[in-house]
Amino acid sequence: MSAVPTDHGVAELGEFTFECGQSVPDFEVAYETHGEFDGDNVVLICHALTGSQNVARSPEPERDAGTAGQARAWWDDVVGPGKAIDTTEYYVVCANVPGSCYGTTGPASERPADLDLREEPDHDRWGTAFPPVQVEDWARAQRRLLDHLGVGRLRAVVGGSVGGMNALEWAKRYPDDVDRVVAIATAGRLDAQCLALDAVARRAIRADADWNGGDYYGDDRPDPTEGLAIARQIGHVMYLSKASMERKFGRRSAGRDSLTREDGDLGLPPEPTAGFFPYREVESYLDYQAEGFGDRFDANSYLYLTRAMDEYDLAAGHGTDAGALGAFEGEALLMSFTADWHFTVEQSGSLADAFRETGVPVAHHVVDSDHGHDAFLVEPEHVGPPVRDFLADGVDGRAVSDDGGDDGDDPRPDSDHAPVHASLFRG
């Protein structure tokens, strides 16, 4: 198969006013495209919380510059030549969202030198002077980018987790601009338990003395890596299910030699009694996942993006979810996973009911999985086929089922279309 055309860059979009009413004068959006634009084949992909615009691999390794680790090619098992979102057929666009730190303007970006701030920080970054960000701003920034690229109507917008909220916002805000919406492992709003855990994660960052009120930028100041690492660990617990954690870790010890591994405990002060108790595999896993996260992600961005996710309410301004989706006349696919307690099957079912109430053809495809919220990233063999067939044929797609119905057929694609292996990107 010949190489698919790819492109990437940072679009300079001028002044951008956020939903909060504040603005930045020189707004930039980092993006990536795969495939060729034919005027009617655009698929916009919305990344999850700490993802990047680098949704799939390109033939040029240097294209991954600016992203690292799990943020690199985060959905490569689903997006690419011959894969579920086939870049030989579709023109795929993915943009880093406002407030993030992979090239789109956010707290870690350099601020204009002549900016009038109430308190002038002693560094050249926006920091917490950056305007509050909401999911609505993500969709508006994507619309601005697409205009910049010469793209009008979308064949589909696809997103998972908070990226699914982003996709839903497209159906609400730009109903005439998109034919099909795919919202995976998401909801119209967070529930109280997830709100509480996000609040604890943010407090872990703010409690790190190195956070310094958000002004930790500069070579002479350490980043609040310990607080960010703890926040990330809380996130990972949210992404796994009880069953998957028991299967992976149980109560097993990671080994006695690990008990004195100070850097494995995030560099926290030693606990005098720790040597008496086992350092468990589940602790080792969390430490591994947190290790290096502060090197690739900005703590203030984590605060901003979790706030945006917490604040989102699809029904806002319309009373109900159905009211918010009332102008959308395309088709919708909701996907959920049975062991996902972050965004539950019931929440996706509620969204499907809202689409049905407006007369939109919709399918709620339920995947039986014990992986928890991670399933939409680590089970591409279950995610890819319904997405592929929905993009091609809507709710009538062969591998698309409604309400988890099973007609007895194997929905997996032929081997030449099957994803290779699961991505490990989370969030």
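Residues numbered from 1 in each chain as written. Predicted model: local features only at pLDDT ≥ 70, side-chain atom pairs only at ≥ 80, totals over all residues. Heavy atoms only, no water.

## Let's talk about unusual backbone geometry
Filter applied, for reference: In this text, helices come from DSSP runs of H or I with a minimum length of four residues, and strands from runs of E with a minimum of two, each type numbered from the N-terminal end. The buried label goes to any residue with under 20% of its type's maximum accessible area, the exposed label to any with over 50%, and the partly exposed label to all in between, with areas taken from a 1.4 Å probe on protein chains only.
Even without being glycine, alanine 73 reaches a positive phi, approximately 45°. The residue alanine 73 is located in the loop between β5 (42–46) and β6 (79–80) in this model. Alanine 73 gets classed as buried once you look at its relative accessible area, which sits at 11%. Unlike most non-glycine residues, serine 161 shows phi in positive territory, near 65°.

## Thoughts on the UniProt feature "active site" (unreviewed entry) in the protein
Quick note on the threshold: UniProt positions are given in the numbering used here, feature names are shortened, and annotations may be inferred rather than shown by experiment. Between two residues, a contact is recorded if the distance between any of their heavy atoms is within 4.5 Å. Two N or O atoms form a polar contact when they lie within 3.5 Å of each other; inside protein one atom must be a possible hydrogen donor and the other a possible acceptor, and for residues adjacent in sequence the pair counts only when both atoms belong to side chains.
With numbering matched to this structure, UniProt assigns "active site" (unreviewed entry) to Ser161, Asp340 and His373. In sequence the annotated residues extend across 213 residues, while in space they remain close, none of their C-alpha pairs exceeding 10.8 Å. Among all residues touching serine 161, those that are not within four sequence positions of it are Ala48, Ile184, Ala185, Thr186, Phe343, His373 and Phe376. As for its position among the elements, aspartate 340 is in the loop between β11 (331–337) and α10 (345–357). Apart from the residues lying within four places of it in its own chain, the contact partners of aspartate 340 are Ala185, Gly372 and His373. Among the polar contacts made by the side chain of aspartate 340, one reaches the main-chain amide nitrogen of histidine 342 at a distance of 2.9 Å.

## Re the pairing of strand β8 (residues 91–95)
Stated precisely, the cut-off is as follows: At least two DSSP bridges between two strands are needed for those strands to be called paired.
The buried fraction of β8 is high, at five of five residues. Burial along β8 is two-sided: the face carrying Tyr91, Val93 and Ala95 and the face carrying Val92 and Cys94 are both buried. Strand direction decides the pairing type here: strand β4 (residues 28–34) and β8, joined by four bridges, are antiparallel. Each residue of the ladder has a partner; that of tyrosine 31, found in β8, is alanine 95. Pairing between β5 and β8: four bridges, direction parallel. In the sheet register, valine 42 faces β8, and the bridge partner there is tyrosine 91.

## Concerning the side chain of aspartate 198
The following threshold applies: Only four residue types enter the tally: Lys and Arg on the positive side, Asp and Glu on the negative side, with His and both chain ends excluded. Here, a salt bridge means any side-chain nitrogen of Lys or Arg that lies within 4 Å of a carboxyl oxygen of Asp or Glu.
Here aspartate 198 lies in helix α3 (residues 192–207). Of the side chains with opposite charge, arginine 202 lies nearest to the buried aspartate 198, which makes no salt bridge, at 4.9 Å. Not counting the four nearest positions on each side in its chain, aspartate 198 is found in contact with Leu190, Met238, Thr306, Met309 and Asp310.

## Considerations on the environment of glycine 213
With respect to the element layout, glycine 213 can be found in the loop between α3 and α4 (225–239). As a C-alpha pair, glycine 213 and asparagine 300 span 87 residues in sequence and 9.7 Å in three-dimensional space.

## Focus on the environment of arginine 57
Structurally, arginine 57 is set in the loop between β5 and β6. With 51 residues separating them along the chain, arginine 57 and threonine 6 place their C-alpha atoms 9.5 Å apart. Setting aside anything within four residues of it in sequence, one finds arginine 57 in contact with His34, Ala73, Asp76 and Lys83.

## Here we look at the packing of α4 against helix α6 (residues 281–290)
As a reminder of what qualifies: Lines fitted to C-alpha atoms define the axes, with helix axes restricted to the stretch in contact, and inter-axis angles between N-to-C directions lie between 0 and 180 degrees. These descriptions rest on fixed angle ranges, namely under 35 degrees for roughly parallel, over 145 for roughly antiparallel, 65 to 115 for roughly perpendicular, and the rest for oblique. The crossing is said to be left-handed when, going from far helix to near helix, the turn is anticlockwise and less than a right angle, and right-handed when the turn is clockwise. Residues are grouped as follows: nonpolar covers Ala, Val, Leu, Ile, Met, Phe, Trp, Tyr, Cys and Pro; charged covers Asp, Glu, Lys and Arg; every other residue, Gly included, is treated as polar.
Their axes nearest at 9 Å, the elements α4 and α6 cross at an angle of 120°. Put simply, α4 runs oblique to α6. The handedness of the crossing between α4 and α6 comes out as right-handed. For the pair α4 and α6, contact is made by Ala229, Arg232, Gln233, His236 and Val237 and by Tyr285, Leu286, Asp287, Gln289 and Ala290, respectively. For the contact of α4 with α6, the per-class residue count stands at five nonpolar, three polar and two charged.

## Observations regarding the packing of aromatic side chains
Which entries qualify depends on this criterion: When the centres of two rings from Phe, Tyr and Trp lie within 6.5 Å, Trp using its six-membered ring, the rings pair. Their planes under 30 degrees apart give stacked, over 60 give edge-to-face, and anything left gives tilted.
Per the stated rule, a full pass over the model turns up 17 aromatic pairs. With centroids separated by 5.5 Å and ring planes inclined at 75°, the aromatic side chains of phenylalanine 18 and phenylalanine 130 adopt a geometry described as edge-to-face. Taken together, the residues phenylalanine 18 in the loop between β2 (16–17) and β3 (23–24) and phenylalanine 130 in the loop between β8 and α1 (135–149) connect sequence positions 112 residues apart. For phenylalanine 18, a relative accessible area of 2% puts it in the buried group.

## Side note on the nonpolar core
The following threshold applies: Side-chain atoms within 4.5 Å link the members of a nonpolar core, which is a set of buried Ala, Val, Leu, Ile, Met, Phe, Trp, Tyr and Cys residues.
Counting 78 residues, the largest nonpolar core has Leu154, Val157, Tyr302 and Phe355 as its most contacted members. With sequence-adjacent residues up to four places away left out, leucine 154 is seen in contact with Val42, Leu44, Leu146, Trp170, Asp177, Val178 and Asp179. Core analysis: the second largest hydrophobic core is formed by 32 residues, Ala48, Phe337, Ala363 and Phe390 among them.

## Things to note about a negative patch on the surface
Inclusion rule: Residues qualify for a patch when their relative accessible area is over 30% and they have no salt bridge, like charges being joined within 9 Å and the nonpolar side chains of Val, Leu, Ile, Met, Phe, Trp and Tyr within 5 Å. Using a 1.4 Å probe, accessible areas were evaluated by the Shrake-Rupley method; residue-level cover was limited to the displayed protein chains. Lys charges are placed at NZ, Arg charges at CZ, Asp charges at CG and Glu charges at CD.
A cluster of acidic side chains, namely Asp210, Asp223, Glu226, Glu291 and Asp295, defines a negative patch on the protein surface. Here aspartate 223 shows up in the loop between α3 and α4. For aspartate 223, a relative accessible area of 39% gives the class partly exposed.

## Structural notes on the sheet that holds strand β10 (residues 178–184)
Taken in spatial order, the eight strands line up as β1-β4-β8-β5-β9-β10-β11-β12 in an open sheet, and their pairing is mixed. Two strands in the sheet have a free side with no partner beyond their single neighbour: β1 (6–12) and β12 (362–367). Going from strand to strand, the sheet's axes swing by 20° on average, the running direction of each strand aside. Here helix α12 (residues 380–393) sits on the sheet in contact with β9 (154–160), β10, β11 and β12, set at roughly 175° to β11.

## Examining the packing of α3 against α4
To characterise two packed helices, one gives the angle between the axes of the helices and the distance between these axes. Viewed as axis vectors pointing N to C, α3 and α4 meet at an angle of 160°, and their least axial separation amounts to 6 Å. When the axes of α3 and α4 are compared, the pair comes out roughly antiparallel. In this structure, α3 meets α4 at a crossing whose hand is right-handed. For the pair α3 and α4, contact is made by Cys194, Leu197, Asp198, Val200, Ala201, Ala204 and Ile205 and by Gly227, Leu228, Ile230, Ala231, Ile234 and Met238, respectively. A breakdown of the residues in the contact of α3 with α4 according to their chemical character gives eleven nonpolar, one polar and one charged.

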